[in-house]
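# Structural overview for review
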2 protein chains.
Amino acid sequence: MSPREASAAGTEAAQRRLLRPEIEGLGESLIRAVAEANIGRAGVIPLWFGEPDTPTPDFIKQAAVRALEANHVFYTQNRGIPPLREAIAGYAARLHHRPMGAERITVTASGMSAIMLTAQAIVAPGDNVVAVGPIWPNCVETVHVMGGETRIVALEAADGGGWRLDLDRLFDACDERTVAVMVNSPSNPTGWVMSADDQRALLERCRQRGIYVVADEVYVRLAFDLPRAPSFLDIAEPDDRLVAINSFSKSWSMTGWRLGWLTHAAELGEPFAKLNEYNLASATTFVQHAGIAAVEQGDGFIESLVERYRRNRDLVVQRLGAMRRVRLPRPDGAFYAFFAVEGMTDSLGFARELIETAGVGLAPGRAFGEAGEGRLRLCFAAEPDTLSEALDRLEPRLD
Amino acid sequence: MSPREASAAGTEAAQRRLLRPEIEGLGESLIRAVAEANIGRAGVIPLWFGEPDTPTPDFIKQAAVRALEANHVFYTQNRGIPPLREAIAGYAARLHHRPMGAERITVTASGMSAIMLTAQAIVAPGDNVVAVGPIWPNCVETVHVMGGETRIVALEAADGGGWRLDLDRLFDACDERTVAVMVNSPSNPTGWVMSADDQRALLERCRQRGIYVVADEVYVRLAFDLPRAPSFLDIAEPDDRLVAINSFSKSWSMTGWRLGWLTHAAELGEPFAKLNEYNLASATTFVQHAGIAAVEQGDGFIESLVERYRRNRDLVVQRLGAMRRVRLPRPDGAFYAFFAVEGMTDSLGFARELIETAGVGLAPGRAFGEAGEGRLRLCFAAEPDTLSEALDRLEPRLD
């Protein structure tokens, strides 16, 4: 009997679902919906992903090559090779001016994987996660994969053009099934940077209720008006219910390498080891060795990166901001312009149209939740000439 | 208020669980429980993992270096770069003598990740997966992470020393909440190879009931008495509910690289793309490029590998089999000896003891389910001299 005949026979086979309902209904990344078919397409300037257009610095690539030559090609400890965990702990201690031990560090195969492992650890079906929006869709969808619900509390437009978080609204959205509040600061897509005072208040309120803070801090080094963005790791106690997500992708321009880490209470080390084992064993071995070079020798690179992105931010704010249909709050961190376009109500359609008519690839605002509709996200981690060309091409459509 | 004070105050905080109950209760890999603290330990011959002791061949390492030099360090398509998917489809078509299109191939960041994505796609809380045991613990634990239940139907000792699968018992274990039957052939840990007839019968019965076959075929090339092991991909229709798991780790000696793939009905391509996106975006970019070299130029390497493992198998069967406390069914595939030790009832304790007293690292049989207790697993993907030395060291304890 063929599969089709079995199904048509009205037998038990016909009754069974193909996929879990949560997966049938899983949202597609609308960034991917725009970009995926056009990756590498000639004539299109791709500013859709959160990714620099310059490659990983040589000293990191060379460390990977050396590790390959030294045959670092075997399985490693689930939580990462000890010297990388030590190097990350040392880096974090320097960055946050607090003691940090490797027992609180778990290496993951990307910040994305770190978010998924966190969802697997704490989100049961029927639980909910309250998140500050607009937010990168993947943060939300991991919760849905685990059968949880998400509640987005959107940033509000502040007087003077920036964004403002209403902590009371955030807390009103929490209930007895809330397992975590998720915050991404500096924010993808808005460029909003949470203040240290707000972080302190949020942590205290979550602590009182036993709710996790899941802090996606992958852009923590990319702040333009401060030495770096405030971090929950500056203020948290070692045993707080805080899971901080970090990644090598943004600070060290290593998007395609798939390397990140979790910072957590020591007692979560064992469960995260198991979850790494059952999700992918560990990150790629020679990539882990390259990660040591990144955290130990990367500070100068990051400084030059921030300087470059700051100039790009200024360029984009000046030029995009001057276009008549555009309203753009100045981003304080990360590397995105998240701008409203007057009269545009279908950001997905408009983003697709811009690929065809302007040869510029942007992410649709709708990808970041309902609060993002009417907007587009432009990643300005690009060469200035490329950015200028993209802005030239966009101008006729936005001015 | 400190975290401890908040908790002690008997407030809401004290009531909240730290982790999902499924994760609190998640089994630790007992292979890792033996090995993890002893990775790299001097004086110990490590035969605990399913991993060769020889590095990845140079032509694959060189392909990775070239890809790094060519700056293949950016994000890729979720399902993998098109040339790798095409190369894998071509490889599969050659191997299985059947047409295979890239629309049925999804690249994953390891066979492990492929298994987890499959569990995420089909296992809802309360569902069950029936698996042929003894089985690699990770296959089982992914189901538990997703809130599902596993039912292990153990192979039976066959007359003449091998293993036998009772298909009726396997089917009797299925009920209306069974979403998949999971088979790993050639089997880790037993070395059992499922016959083509049994595969045909299993597929037909699953088809009639709409149950998935999840076929972990990572050892398909490693069969010692046949050109290769029978595969469900030899007989399945393109739209069958079959998910085949594959990996670069075993056939191409790429364990630390984290690269694998899924073969599935075309209609699962979209859900698997989303799950890759929300789990880790995609496999490491330059590793994907190295994967092309592996599948396109690796046949000679695999032949020499099988030849080497066959000799090792014969050596281990001869020497271990001759030890008086040992009973060892001859493995027909994969690269493990899964042997019973007379009078040994605590395989975890005994495996730990052997590290200290004999300087040999083995995996405890208990790691592979209850049916594995009383046994140990020795990985014979090692240099013959190393194996001989390990057998010399084991002999006083086993003879």
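In this report, the structure presented in the accompanying data block is examined.

What counts as what
- Residues numbered from 1 in each chain as written.
- Chains lettered and ligands numbered in written order.
- Predicted model: local features only at pLDDT ≥ 70, side-chain atom pairs only at ≥ 80, totals over all residues.
- Heavy atoms only, no water.
- 1 Å grid on protein atoms, 1.4 Å probe; cavity = no way out; pocket = protein on both sides within 12 Å on 5 of 7 lines; lining within 4 Å.
- Points joined across faces, edges and corners; volume = space filled by probe spheres on them.
- Nonpolar A, V, L, I, M, F, W, Y, C, P; charged D, E, K, R; others polar.
- Helix = DSSP H or I, 4+ residues; strand = E, 2+ residues; numbered from the N terminus.
- Buried < 20%, exposed > 50% of the residue type's maximum accessible area, 1.4 Å probe, protein only.
- Pairing = 2+ DSSP bridges.
- Contact = heavy atoms within 4.5 Å.
- Axes fitted to C-alpha atoms, helices over the stretch in contact; angles between N-to-C directions.
- Parallel < 35°, antiparallel > 145°, perpendicular 65-115°, else oblique.
- Left-handed = near helix turned anticlockwise from the far one by under 90°.
- Least-squares fit on C-alpha atoms with pLDDT ≥ 70 in both.
- Phe/Tyr/Trp six-rings, centres within 6.5 Å; stacked < 30°, edge-to-face > 60°.

## Details of the layout of surface pockets
Residues and elements named next belong to chain A. Here the largest pocket defines a volume of roughly 530 Å³. Residue classes in the lining of the largest pocket are distributed as 15 nonpolar, nine polar and three charged. Volume-wise, the second largest pocket comes out at about 440 Å³. Secondary-structure elements contributing two or more residues to the lining of the second largest pocket are helix H6 (82-96) and helix H12 (285-297). Across the lining of the second largest pocket, the residue classes tally to 11 nonpolar, seven polar and two charged.

## Structural notes on the pairing of strand S10 (residues 260-263) of chain A
All names here are of chain A. What you see with S10 is no split at all: Gly 260 and Leu 262 on one side and Trp 261 and Thr 263 on the other are buried throughout. In terms of strand pairing, strand S2 (residues 105-108) meets S10 through four bridges, oriented antiparallel. The residue of S10 that forms the bridge with Val 107 is Trp 261. Relative to S10, strand S9 (residues 242-247) is paired through four bridges, and the arrangement is antiparallel.

## Structural notes on the sheet that holds strand S11 (residues 326-327) of chain A
Residues and elements named next belong to chain A. Pairing is antiparallel in the open sheet, where four strands are placed in the order S11-S12-S15-S14. This sheet does not close on itself; its edge strands, each paired only once, are S11 and strand S14 (363-364). In the packing of helix H14 (residues 347-357) onto the sheet, contacts are made with S14 and strand S15 (375-379), and the angle to S15 comes to roughly 45 degrees. Packed on one face of the sheet, helix H15 (residues 384-398) meets S11, strand S12 (336-341) and S15 and runs near 165 degrees to S15.

## Examining the packing of H6 of chain A against H12 of chain A
All names here are of chain A. Here H6 crosses H12 at 20 degrees, and the two axes come no closer than 9 Å. Considered as vectors, H6 and H12 are oriented roughly parallel to each other. Crossing hand, H6 versus H12: left-handed. Across the interface between the two elements, Pro 83, Leu 84, Ala 87, Ile 88, Tyr 91 and Arg 94 from H6 touch Gln 288, Gly 291, Ile 292, Val 295 and Glu 296 from H12. A class-by-class count of the residues in the contact of H6 with H12 yields seven nonpolar, two polar and two charged.

## Considering the sheet that holds strand S7 (residues 178-184) of chain A
Residue and element names in this part refer to chain A. Here seven strands make up an open sheet; going across it, the order is S2-S10-S9-S8-S7-S3-S4 and the pairing mixed. Where the open sheet ends on each side, the last strands, each with one partner, are S2 and strand S4 (149-154). Each neighbouring strand pair of the sheet contributes to a mean axis angle of 20 degrees, computed without reference to strand direction. Packed on one face of the sheet, helix H11 (residues 269-279) meets S2, S9 and S10 and runs near 10 degrees to S2.

## Brief notes about the relation of the copies chain B and chain A
For the pair chain B and chain A, the best superposition has an RMSD of 0.0 Å and corresponds to a rotation of 180 degrees with a translation of 0.0 Å parallel to the axis. Those values place the two copies in the arrangement expected of a two-fold rotation axis. Identified as the residue of chain B closest to the rotation axis by C-alpha distance is Val 65 of chain B, at 3.1 Å. Comparing contact sets, 100% of the residues at the interface of chain B also lie at the interface in chain A, consistent with an isologous, same-surface contact.

## Details of the packing of aromatic side chains
All names here are of chain A. By the definition in use, this model includes 29 aromatic pairs over all chains. Both rings, one in Phe 338 and one in Phe 368, keep their centres 5.6 Å apart while their planes meet at 85 degrees; by these two values the pair is edge-to-face. Residue Phe 338 is located in strand S12, and its partner Phe 368 is located in the loop between S14 and S15; the two are separated by 30 residues in the primary sequence. Phe 368 carries the same exposure label as Phe 338, and that label is buried. One aromatic cluster is present, built from ring pairs that chain together Tyr 91, Phe 248, Trp 252 and Trp 261.

## Points about the side chain of Asn 128 of chain B
Mapping Asn 128 of chain B onto the fold places it in strand S3 (residues 128-133). Once residues lying within four places of it in the same chain are set aside, the contact partners of Asn 128 of chain B are Glu 149, Arg 151, Asp 175, Arg 177, Thr 178, Val 179 and Ala 180 of chain B.

## Examining the side chain of Asn 188 of chain B
Relative to the helices and strands, Asn 188 of chain B is located in the loop between strand S7 (178-184) and helix H10 (196-209). Not counting the four nearest positions on each side in its chain, Asn 188 of chain B is found in contact with Pro 134, Ile 135, Trp 136, Tyr 219, Tyr 336, Phe 368 and Arg 377 of chain B.

## A word on the environment of Leu 47 of chain B
Residues and elements named next belong to chain B. By the secondary structure assignment, Leu 47 is in the loop between strand S1 (45-46) and helix H5 (58-69). Given a relative accessible area of 4%, Leu 47 falls into the buried group. C-alpha separation for the pair Leu 47 and Cys 139, spaced 92 residues apart in sequence, amounts to 20 Å. Beyond its immediate sequence surroundings of up to four residues, Leu 47 is in contact with Val 360, Gly 361, Leu 362, Arg 377, Leu 378, Cys 379, Ala 382, Leu 387 and Ala 390.

## Details of unusual backbone geometry
Following Ser 185 of chain A, the chain continues into Pro 186 of chain A via a peptide bond in cis, with omega recorded as -10 degrees. With respect to the secondary-structure elements, Pro 186 of chain A resides in the loop between S7 and helix H10 (196-209). Backbone torsion omega between Asn 188 of chain A and Pro 189 of chain A reads 20 degrees, so that peptide bond is classified as cis. Note that Pro 189 of chain A resides in the loop between S7 and H10. Not every positive phi belongs to a glycine, and Ala 334 of chain B is a case in point at roughly 60 degrees. Here Ala 334 of chain B is to be found in the loop between strand S11 (326-327) and strand S12 (336-341). For Ala 334 of chain B, a relative accessible area of 0% puts it in the buried group.

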